Amino acid sequence: MGETPRLVATDIDGTLLRDDRTLSPRTAQALARIAARGTPVVLVTGRPIRWLKMVYDQLSGPLPAICANGAVVYDPVNDEVLRADPLAPELLAEVARRLRAEVPGISFAVEIIDSRQMRHEAHYPLRWDADAKAIRAVETPEELLAAPAVKLLARAGEQDPDAFVELVATALQGLAEATHSSYSGLVEISAAGVTKAAGLAWYCARLGVDAGDVLAFGDMPNDVPMLAWAGRAVAVANAHPAVLKVAHEVTVTNSEDGVAAYLEKIFDVG
């Protein structure tokens, strides 16, 4: 990578946001100044589209986003999905069949309509998503798997997240991608080949930006493909060991504005 990156890609939770899910004024200002200079800044997240507003409300302007771990490329200015790579219903059914056979007590939820809505089994535990208009429990397993889903979510009580994702990935054996971005035992499943790296690569190709000119920030295993793909990969100091292993550099923690601190140095926007 040259002296100045041509595009900045950053994860949101645990990376850009502080632990209380707020964006510091310092970070918002750094992103705004870089974008104003003409360098694209892209949010690359496991979040669904419906969870972006709370981030956009803290930014000086909405930024393009790669959502659902790469399955959805979103233009917030026009409220338009530029690309979506969902799991087809028949694939969802096979994934669910394999995991029900492998993991007793497993429960599922799906992100549908490009992650604008969620459906979940009655016993699936909702953590902090309480949008009654967008979220609804289904009455049958068949209903859950009836529509294409950009992400399938799986829980089975409290699990060691690394061990659980390995169990799921082994059961799926390349049928779909399995990753995680939390410490609560949630596994996130996408169509085969759908990762943050793939979604970001598609977006960068539209702009004519090569991987080597991308600066990327992350903190959790779902960020690993993106960080391995980008020309310069930076982990926040609070990152998962798998992220620290692939990163070229480490900045300070998310609570210490690690992304802003690094960008201020690279772009001289402090």
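Before going into details, it helps to say that this report is about the structure given with it. (Residues numbered from 1 in each chain as written. Predicted model: local features only at pLDDT ≥ 70, side-chain atom pairs only at ≥ 80, totals over all residues. Heavy atoms only, no water.)

## Side note on the pattern of salt bridges
So, step 1. What the rule picks out here adds up to 13 salt bridges.
So, step 2. Among the salt bridges present, the one from D57 reaches K53, with a minimum N-O distance of 2.8 Å. Of the two residues examined, D57 and K53, each falls in the exposed class.
So, step 3. Via salt bridges that share partners, D11, K196 and D223 belong to a single interconnected network. (Salt bridge = Lys/Arg side-chain N within 4 Å of Asp/Glu carboxyl O. Buried < 20%, exposed > 50% of the residue type's maximum accessible area, 1.4 Å probe, protein only.)

## Observations regarding the environment of R33
So, step 1. By the element assignment, R33 lies in helix α1 (residues 25–36).
So, step 2. Exposure remark for R33: the relative accessible area of 35% places this residue in the partly exposed category.
So, step 3. For R33 and V269, which are 236 residues apart along the polypeptide, the C-alpha to C-alpha distance reads 6.7 Å. (Helix = DSSP H or I, 4+ residues; strand = E, 2+ residues; numbered from the N terminus.)

## Some words on the environment of L82
So, step 1. Mapped onto the secondary structure, L82 falls in strand β5 (residues 80–84).
So, step 2. With relative accessibility at 25%, the residue L82 sits in the partly exposed group.
So, step 3. C-alpha of L82 to C-alpha of P5: the two residues are 77 residues apart in sequence and 24 Å apart in space.
So, step 4. The residues touching L82, leaving out its near neighbours within four places in the chain, are V73, D75, W202, Y203 and R206. (Contact = heavy atoms within 4.5 Å.)

## Overview of the layout of surface pockets
A water-sized probe, rolled over the atoms, reveals where empty space remains.
So, step 1. A volume near 180 Å³ is recorded for the second largest pocket.
So, step 2. Around the second largest pocket, the lining comprises 15 residues; the ones closest to its centre are A178, T179, P221, N222 and P225.
So, step 3. Residue composition of the lining of the second largest pocket, by class: 6 nonpolar, 6 polar and 3 charged. (1 Å grid on protein atoms, 1.4 Å probe; cavity = no way out; pocket = protein on both sides within 12 Å on 5 of 7 lines; lining within 4 Å. Points joined across faces, edges and corners; volume = space filled by probe spheres on them. Nonpolar A, V, L, I, M, F, W, Y, C, P; charged D, E, K, R; others polar.)

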